[in-house]
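# Close look at the chain arrangement
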Amino acid sequence: MSLGVQLESAEGSDVELLHAVARGDEAALARLYDGYRVILFGLLVRILNSREEAEDILQDVFIQVWRRAKDFDETRGRPFTWLVTLARSRAIDRLRQLGARQRLATGAAQEQTEAVSDALTDTIRVAERETVRQALAELPEEQRNTLVLAYFDGLTQSEIAAKLNAPLGTIKTRMRSGMIKLRALLGSQLENFG
Amino acid sequence: MTHENYKELLAAKALSALDAGEARALDTHLESCVDCQAEVIKSEDAAALLAFAAGPLEPPAYVRERILVSIRAEGAQKSASGRVTDADSQREGNVLAFERQPRNVWASLGSFGAIAAALVLVALMIGLVLLWQKNQVLQNELARVNEGMNQVQIELARQRAMGELLTSPDAHMAKLTGTNVAPGAHAMLAYDRTGHAMLMAKGLPSAPEGMAYQLWYIKDNKKMPGKVFTPDASGNGTLEDQIPAGAREAAVFAITLEPKAGVQVPTGSIYLVSSS
């Protein structure tokens, strides 16, 4: 079975799970948690630079999923995107509350130390991760850093321009070009999610 | 702003990197632009994949349990508030339990440790209270013993002083007998040529509250006040005083019941009196 077919199948089943959660199916929420806890917790720790904060947000995210699953519309996005966007949005909000953006911004382009259990090495997520890392690595460094500062540190284009002491127009161009190239590099996967 | 201008903002929108003003303007445009809606969804899908660039991490098992507890508490609250709908009722039959994660033994040990520590703390506090109470009892007992010893020492000192006074070569003795208000009372007053005097009285009635017995030195019908004393429960009392110079020779000694502070002129009945 190809990676694309596997992902498509996973997405389809996640849509069903979200519908089940919307109907109050606790087991469906448990299965969503089991499927996404590792990727979301890794993302939250990367953004917040704190396991304790990340645990709180991860809990909050799935409570929100329980409450808001009925709002999910598969015609407007994938379950994965919906979950990641929800988690990232909550984490950025918390980051801003903590006022820790400047501190964390210094480590924006640094790689997060990998800490994953052996049980995950045979999962589909590892292949996805390698694909995304490879795509990021192929971006020009200025474009990659701009995307990383926005995505993991929650900085706006103006804040990135100030931080890098670069013209705002330059940052906008780098961000737009970087996203266009990223979409092209990840295109096959995105098409599979259709 | 043109459609093309808005399209240039879509990448930043997907990364939540727009400034507030641009974000509001784009949101308004998106409400009516199907083309931009489709584009932003694709950009958001691509942006979401960046989550894989962060290292995957296994969260603690208790996060799952917390979520389970929270959503069940919400369900219980909803039921308690009487807002359970038909749909909610149907859901209940569909609810399956979370798969149990292996219990965190160390967390359990931590809980037991906390309970044990709390019990030890309570036991220590009870022990401290008991020790404190016992210490208080012993302190009170010691205070009583010390008080008794002080009284004994004072009595011994008086008796020693009385003995010295009586054995001095120039000692004088005067015997006081009870009057009709205290027929069973009697006393002995010893004094030397310096006027140093000691009185030992027995059989006196208890002095009423606020009253005490006062010694008087009487010569040529002149009444000179001495000190006051209060007898014990047995009617025994002692007094050490200094006799005024003019009253040491051929004086009469008397004891009256007076206010406790003493008076300059006798006002009460005579209880004891020496012969002239």
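Keep in mind that this is a model prediction, so the values were computed, not measured. All residue numbers here refer to positions counted from 1 along the written sequence of the relevant chain. The naming scheme follows written order: chains are lettered A onward, ligands numbered 1 onward. Thresholds applied to this predicted model are a pLDDT of at least 70 for local features of residues and 80 or more for the giving and counting of side-chain atom pairs; totals over whole chains, interfaces and linings are not thresholded and use all residues.

## Topic: the overall build of chain A
Secondary structure counts use DSSP, requiring at least four H or I residues in a row for a helix and at least two E residues in a row for a strand, with both numbered from the N terminus. Helix and strand counts for chain A come out as ten helices and zero strands. Scanning chain A from its N terminus toward the C terminus, one meets helices and strands in the order α-α-α-α-α-α-α-α-α-α. The burial tally for chain A puts 42% of its 194 residues in the buried class. Contacts in chain A between residues at least 24 apart in sequence constitute 71% of all its contacts with a sequence separation of at least 6. Burial is judged by counting other C-beta atoms within 10 Å of a residue's own C-beta: 20 or more means buried, 12 or fewer means exposed, and anything between counts as partly exposed, with every C-beta placed from the backbone. We call two residues in contact when their backbone-placed C-beta atoms lie within 7 Å.

## So, the overall build of chain B
Along its length, chain B carries six helices and eight strands. Secondary structure of chain B in N-to-C order comes out as α-α-α-α-α-α-β-β-β-β-β-β-β-β. For chain B, with 276 residues in total, the buried portion stands at 24%. Sequence separation of 24 or more characterises 57% of the internal contacts of chain B that already satisfy a separation of 6 or more.

## Thoughts on the packing of helix α2 (residues 26-48) of chain A against helix α4 (residues 79-98) of chain A
Residue and element names in this part refer to chain A. Lines fitted to the C-alpha atoms define the axes, with helices restricted to the stretch that makes contact. Angles between their N-to-C directions range from 0 to 180 degrees. Where α2 contacts α4, the axes come no closer than 10 Å and their chain directions differ by 25 degrees. Here α2 lies roughly parallel to α4, going by the angle between them. The interaxial crossing formed by α2 with α4 has right-handed handedness. Packed against α2, whose contacting residues are Tyr36, Leu40, Leu43, Leu44, Ile47 and Leu48, the element α4 presents Leu83, Val84, Ala87, Arg88, Ala91, Ile92, Arg94 and Leu95 at the interface. Gly is placed with the polar residues, together with every amino acid not listed as nonpolar (Ala, Val, Leu, Ile, Met, Phe, Trp, Tyr, Cys and Pro) or charged (Asp, Glu, Lys and Arg). Of the residues that constitute the contact of α2 with α4, the class distribution is twelve nonpolar, no polar and two charged. By the definition adopted for this analysis, an angle is roughly parallel if under 35 degrees, roughly antiparallel if over 145, roughly perpendicular if from 65 to 115, and oblique otherwise. The crossing is said to be left-handed when, going from far helix to near helix, the turn is anticlockwise and less than a right angle, and right-handed when the turn is clockwise.

## Some remarks on the environment of A:Leu168
Residues and elements named next belong to chain A. Inspection of the secondary structure puts Leu168 in helix α9 (residues 168-185). Once the C-alpha coordinates of Leu168 and Ser158 are considered, the two residues, ten residues apart in sequence, prove to be 6.1 Å apart. When near neighbours in sequence (up to four residues on either side) are disregarded, Leu168 contacts Gln157, Ser158 and Ala161.

## What about the environment of B:Gly203?
All names here are of chain B. Mapping Gly203 onto the fold places it in the loop between β3 (196-202) and β4 (211-219). For Gly203, a count of 18 C-beta atoms within 10 Å puts it in the partly exposed group. Placed 34 residues apart in sequence, Gly203 and Gly237 show a C-alpha to C-alpha distance of 8.9 Å. The residues contacting Gly203, other than those within four sequence positions of it, are Gly178, Ala182, Gly184, Ala185, His186 and Gly235.

## A closer look at helix α3 (residues 34-49) of chain B
What a helix is expected to span follows from its residue count: subtract one and scale by 1.5 Å. When the terminal C-alpha atoms of α3(B) are compared, their 23 Å separation across 16 residues agrees well with the 22 Å that a helix rising 1.5 Å per residue should span. Taken as a whole, α3(B) has its buried residues at B:Val40, B:Lys42, B:Ser43, B:Glu44, B:Asp45, B:Ala46, B:Ala47, B:Ala48 and B:Leu49.

## Examining the nonpolar core
Judged by nonpolar contacts, the single largest core of 74 residues is most densely connected at A:Leu29, A:Leu40, A:Leu44 and B:Leu15. In terms of residue count, the dominant contributor to this core is α2(A) (15 residues). Residue contacts for A:Leu29: discarding those within four places in its chain leaves A:Val21, A:Phe62, A:Val65, A:Trp66 and B:Ile71. One nonpolar core equals one set of buried Ala, Val, Leu, Ile, Met, Phe, Trp, Tyr and Cys residues connected by C-beta atoms within 7 Å. Residues B:Ala182, B:Leu189, B:Ala247 and B:Ala251 belong to the second largest nonpolar core, which totals 27 residues.

## Observations concerning α4(A)
The end-to-end C-alpha distance of α4(A), which contains 20 residues, comes to 28 Å, matching closely the 28 Å that a straight helix rising 1.5 Å per residue would cover. With its phi angle positive at about 65 degrees, A:Gly99 sits one or two positions after the end of α4(A).

## Some details on the pairing of strand β5 (residues 222-229) of chain B
Residue and element names in this part refer to chain B. Between any two strands, pairing holds if DSSP finds at least two bridges. Across six bridges, the pairing between β4 and β5 is antiparallel. Note that in β5 the partner of Tyr217 across the bridge is Met224. Following β4, the chain reverses through two residues before pairing antiparallel with β5; Asp220 in that reversal takes a positive phi of roughly 55 degrees.

## Some thoughts on the confidence of the model for chain B
For chain B, the mean per-residue pLDDT works out to 82, and 86% of the residues sit at or above 70. Model confidence for the complex: the whole-complex pTM is 0.54, and ipTM, which rates the interface, is 0.84. Per-residue confidence from the prediction method is given by pLDDT, with values spanning 0 to 100.

## Details of the sheet that holds strand β2 (residues 186-191) of chain B
All names here are of chain B. Pairing is antiparallel across the open sheet formed by eight strands, whose spatial order is β5-β4-β7-β8-β1-β2-β3-β6. Each edge of the open sheet is held by one strand with a lone partner, namely β5 and β6 (237-242). Averaged over all pairs of adjacent strands, the angle between their axes in this sheet comes to 25 degrees, without regard to strand direction. Bridge count between strand β1 (residues 172-178) and β2: six bridges; the pairing is antiparallel. Pairing of Met173 across the sheet is with Ala190, part of β2.

## Details of the pairing of strand β7 (residues 252-259) of chain B
Residue and element names in this part refer to chain B. Most of β7 is tucked away, with six of its eight residues classed as buried. Note that β4 and β7 share eight bridges and pair antiparallel. Within the sheet, the bridge partner assigned to Gln214 lies in β7 and is Thr256.

## Some details on the interface of chain B and chain A
Chain B puts 42 residues into the contact, and the matching count from chain A is 59 residues. Here the side of chain B that touches chain A gets nine residues from one element, more than from any other, and that element is α3(B). Partitioned by chemical class, the residues of the side of chain B that touches chain A number 26 nonpolar, five polar and eleven charged.

## Observations concerning unusual backbone geometry
Residue and element names in this part refer to chain B. A positive phi angle, close to 55 degrees, is found at Ser16, a residue other than glycine. Here Ser16 is to be found in the loop between α1 (3-14) and α2 (20-30). Overall, Ser16 belongs to the partly exposed group, with 18 C-beta atoms counted inside 10 Å. Within the chain, Asp220 stands out as a residue other than glycine whose phi angle is a positive 55 degrees. Relative to the elements of secondary structure, Asp220 occurs in the loop between β4 and β5.

## Regarding the confidence of the model for chain A
Confidence in the prediction for chain A averages 81 pLDDT; 76% of positions are at 70 or higher. In the predicted structure, residues 101-123 of chain A sits below a pLDDT of 50 and forms 36 contacts with residues beyond four places in sequence or in another chain.

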